[in-house]
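Topology and contacts: notes
So you can see what is in the structure, the chains are spelled out below.
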Amino acid sequence: MAYSFYLLHLLLVPNTILATAGFKPNIVLIIADDLGWGDIGFSKKHGTTLATPETPNLDILAEKSVILDNLYVQNLCTPTRSSLLTGRYPHSLGWLFSASVIIGVNEYLKPEHRTFTEILAEEFDYSVRGAGKWHLGFKSPHLPLNRGFESFYGCYSGGIDHHSHEGWILDERERMVTVKDFHSDNLFTNSSIDITSEVEGKHSTELFTQEAVKIIESHDDKKPMLLYLSYTAPHSPLEPDDEIVKNRNEHIVDKGKRQYAAMVTQIDNGVGEIADALSRKKMWDNTVFLFMSDHGAAVMPNNCWDTIGGSNLPYRDGKGSYFEGGIKSAAFIWTPWLTDEQRGKRSPALLHAVDVHSLMLAAADDKLSGSLSSRFRNSSQTTSPELDSGNFLIDVLNDNHAGRETILHNLVTGPLPEGRTGHYCSQKFGKPSNYAVLRHKKFKLFYGNGLENFCQADYLQRSCSDILDKPSDIQKAFQMWNVSLFNEEEE
């Protein structure tokens, strides 16, 4: 296994580092694309198989972090990304259906929904830099430079070929087309350059890692930095680095799974290089580091763009599903202010991607640094009535793991939009699921399309055929959200 030397050295020494008083922390948010719950080493306690990819750097980091065992995301890319950036549930942003994912040139995250990248840049004087996948709009004014980023290096679409860097979108006439989709955008030069041809043949994961390292090495430490790194791996197509396929993950016999594993291991290598760069730049001791996946791995029969290779075991289903395998994110959070007792702890707190928004504002408002007793003292100020984001991630860093009681995973207020399923390039993908999904404590409600079932939320491989009696607590939660919201006849 290839460990990062700097990372290994840094994390095995006693934790005596505290941030310099008066300096806001740097923030590094790394998002993997289609990474399964069972595809990461630090999830092994939850029953992953022998086909788990090698992820030594992530595992070392997780051992010194708080592992988020119940961080929930949405079941597809766009809803998750928009929720964590804005602190709003998808239904507040216009994504009402499980297949609500930006794939057309005229689809975008509405400008009135501010992102934490904008807030950190405009109100807290952060240098906001991005690399990887955007997937929240294809043209100005809906691109990263309009959302607080000083620079962005990567693709706008939901998925690209990892070597040719061409992506797939719906054009103005609703036709699925292939486009060149690798850009280098810079706010100060007011430029957006298509560099697809320039980087052809180079693996996207390596390119994004190199850009992240370059950003760190060139950072002016007079300002705090937010690095938003959103890998396009291990999303299809399965195009790993040949050397990694050859020399790593030898315990995996199946060819397809070994290719997928290599893509995960490439991300792990990248995380090690990024941690090295932060250490060399002397930024690590004042950095909040969050790693997560945007949703589960694709495990349904192959469709026009997803290839099976990952695993969400022991949970049921995967990408596109609201069962646990589709919406549980493999995640952890590291800060230099965790106590020795906190490091390596598995938090049971019920969390959602919207809570990332409050965490980012708390960090930027300098509520994370200082002594243990003063951390997050005024964290209640990071929420606002119009947002769904809460301080639950902040509570976890304070060793309070009560978490949420309720998550609204999906909301349907009307029939499926006419022609929406035609946006997909193959009928094999299936129709969007027209039901609402509500989580309350240990129960999950599926409502709509004739499916009105209360199930234990932690069902693994079992179906919802074993219906439980409606408990009083789930009824109260249902009333909280107003039953009329789930009426499919309403617009």
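By convention here, each chain's residues receive numbers from 1 onward along its written sequence. Only residues with pLDDT of 70 or above have their local features reported here, since the model is predicted, and side-chain atom pairs are shown and tallied only from 80 upward, although totals for entire chains, interfaces and linings are computed over all residues. With hydrogens and water set aside, each side-chain value is computed from the structure's full complement of heavy atoms.

1. Re the overall build of the protein
Of the regular secondary structure elements, the protein holds twelve helices and 18 strands. Counting over 491 residues, the protein shows a buried share of 60%. Only the protein chains shown count as cover for residues, with accessible areas throughout obtained via the Shrake-Rupley method and a probe of 1.4 Å. Surface summary for the protein: the accessible area is close to 19,300 Å², and the carbon and sulfur share equals 49%. Only DSSP runs of H or I with at least four residues qualify as helices, and only runs of E with at least two residues qualify as strands; both kinds are numbered from the N terminus onward. Three exposure classes are used, based on accessible area relative to the maximum for each residue type with a 1.4 Å probe and protein chains only: buried under 20%, partly exposed in between, and exposed over 50%.

2. Some details on the sheet that holds strand β13 (residues 346–347)
Pairing in this open sheet of ten strands is mixed, and the strands run β9-β8-β5-β4-β10-β1-β11-β12-β2-β13 from one edge to the other. The sheet is open, and its two borders are formed by β9 (191–194) and β13, each paired with just one other strand. One ladder, built from four bridges, connects strand β8 (residues 183–186) with β9; its direction is antiparallel. Across the sheet, residue Ser-184 finds its bridge partner in β9, namely Ile-193. Helix α10 (residues 355–364) rests against β1 (26–32), β11 (287–293) and β12 (332–334) of the sheet, and its axis sits at about 170° to β11. The rule for pairing is simple: two strands pair if DSSP sees at least two bridges between them. When checking whether two residues touch, look at their non-hydrogen atoms; a contact exists if any pair is within 4.5 Å. Fitted lines through C-alpha atoms give the axes, limited to the stretch in contact for helices. The angle between two N-to-C directions lies from 0 to 180 degrees.

3. What to know about the nonpolar core
As a rule of thumb, nonpolar side chains are buried together in soluble globular proteins. The term nonpolar core refers to a set of buried residues drawn from Ala, Val, Leu, Ile, Met, Phe, Trp, Tyr and Cys, joined through side-chain atoms within 4.5 Å. One finds Leu-29, Leu-68, Leu-84, Phe-116, Leu-120, Leu-290 and Met-292 to be the most contacted residues of the largest nonpolar core, which totals 49 residues. Secondary-structure elements contributing two or more residues to this core are β1, β2 (66–68), α3 (77–86), α5 (116–123), β10 (225–230), β11, α10 and α11 (392–397). Membership of the second largest hydrophobic core comes to 48 residues, among which are Ile-30, Tyr-153, Ala-275 and Ala-330.

4. Some words on the pairing of strand β6 (residues 166–170)
Remember that side chains alternate between the two faces of the sheet whenever the strand is regular. With five bridges connecting them, β6 and strand β7 (residues 176–180) associate as antiparallel partners. Bridge pairing in β7 links Leu-170 to Met-176. Between β6 and β7, which follow one another and run antiparallel, lie five residues, and Glu-174 among them has a positive phi close to 65°.

5. A few points about the environment of Asp-399
Here Asp-399 shows up in the loop between α11 and β15 (406–410). The sequence separation of Asp-399 and Val-66 amounts to 333 residues, and the corresponding C-alpha distance is 9.3 Å. Non-local contacts of Asp-399, meaning those with residues more than four positions away in its chain, are made with Gln-342 and Lys-345.

6. What to know about the packing of helix α2 (residues 56–63) against helix α8 (residues 255–280)
Running from N to C, α2 and α8 point in directions that differ by 55°, and their axes come no closer than 7 Å. Put simply, α2 runs oblique to α8. Contacts between α2 and α8 pair Pro-56, Asn-57, Leu-58 and Leu-61 from the former with Asp-268, Asn-269, Val-271 and Gly-272 from the latter. By the convention adopted, Pro, Cys, Tyr, Trp, Phe, Met, Ile, Leu, Val and Ala count as nonpolar, Lys, Arg, Asp and Glu as charged, and the other residues, Gly among them, as polar. Residues that form the contact of α2 with α8 fall into these classes: four nonpolar, three polar and one charged. Throughout, the term roughly parallel applies to angles under 35 degrees, roughly antiparallel to angles over 145, roughly perpendicular to angles from 65 to 115, and oblique to all others.

7. Some details on the environment of His-235
Looking at where His-235 falls in the secondary structure, it is placed in the loop between β10 and α7 (242–247). Given the relative accessible area of 6%, His-235 is considered buried. Remark: the alpha-carbon pair of His-235 and Ala-298, spanning 63 residues in sequence, is separated by 8.4 Å. At a separation of 3.4 Å, a polar atom in the side chain of His-235 contacts the side chain of Lys-319. A 3.5 Å cut-off defines polar contacts: any pair of N or O atoms within that distance qualifies, except that in protein one atom must be a possible hydrogen donor and the other a possible acceptor, and neighbouring residues in sequence count only when both atoms are side-chain atoms.

8. Brief notes about α5
Residues that lie three or four places apart on an α-helix share one face, since the helix turns once every 3.6 residues. Among the residues of α5, those classed as buried are Phe-116, Thr-117, Glu-118, Ile-119 and Leu-120. On its buried side, α5 packs onto β1, α3, β4 (127–133), β10 and α10. Phi turns positive, to about 60°, at Asp-125, one or two residues after α5.

9. Description of the side chain of Ser-329
As for its placement among the helices and strands, Ser-329 is situated in the loop between α9 (324–327) and β12. Engagement of the side chain of Ser-329 in a polar contact is seen with the backbone oxygen of Ser-293, the distance being 2.8 Å. The residues touching Ser-329, leaving out its near neighbours within four places in the chain, are Trp-37, Leu-68, Leu-71, Val-73, Met-292 and Ser-293.

10. What about the packing of aromatic side chains?
The relative placement of two aromatic rings is captured by the distance of their centres and the angle of their planes. Each pair of aromatic rings taken from Phe, Tyr and Trp, with Trp reduced to its six-membered ring, is defined by centres within 6.5 Å and is described as stacked if the planes are under 30 degrees apart, edge-to-face if over 60, and tilted in the remaining cases. In total, this model carries 13 aromatic pairs according to the counting rule given. On the numbers, 6.2 Å between centres and 70° between planes, the contact of Trp-134 with Phe-152 is edge-to-face. Of the two residues, Trp-134 is situated in the loop between β4 and β5 (151–155) and Phe-152 in strand β5; the sequence distance between them amounts to 18 residues. Both residues of the pair, Trp-134 and Phe-152, count as buried. Ring geometry for Phe-289 versus Phe-332: centroids 6.4 Å apart, planes at 10°, classification stacked. Taken together, the residues Phe-289 in strand β11 and Phe-332 in strand β12 connect sequence positions 43 residues apart. An aromatic cluster is built from Phe-42, Trp-284, Phe-289, Phe-291, Phe-332 and Trp-334, whose rings are joined through pairwise contacts. As a reminder, the over-ring test applies to NZ of lysine and CZ of arginine, requiring each to be within 6 Å of the ring centre and within 35 degrees of the ring normal. Against the face of Phe-323 rests Arg-316, its NZ or CZ located 3.8 Å from the ring centre. The ring of Trp-37 has Lys-328 lying over it, and the distance from NZ or CZ to the ring centre is 5.0 Å.

11. Things to note about the packing of α5 against α10
For the pair α5 and α10, interaxial distance at closest approach is 10 Å and the crossing angle is 10°. On the basis of the axis angle, α5 is roughly parallel to α10. In the packing of α5 onto α10, the handedness of the crossing is right-handed. Taken together, the residues of α10 that come into contact with α5 (itself represented by Phe-116, Ile-119 and Leu-120) are Val-356, His-357, Met-360, Leu-361 and Ala-364. Considering only residue class, the contact of α5 with α10 consists of seven nonpolar, one polar and no charged. In this scheme the crossing of two helices becomes right-handed for a clockwise turn of the near helix relative to the far one and left-handed for an anticlockwise turn of less than a right angle.

12. Some remarks on unusual backbone geometry
For the peptide bond that leads from Ala-233 to Pro-234, omega is 0°, which places it in the cis range. Positionally, Pro-234 belongs in the loop between β10 and α7. Here Asn-190, not a glycine, exhibits a phi torsion of approximately 50°, which is positive. Tracing the sequence through the fold places Asn-190 in the loop between β8 and β9.

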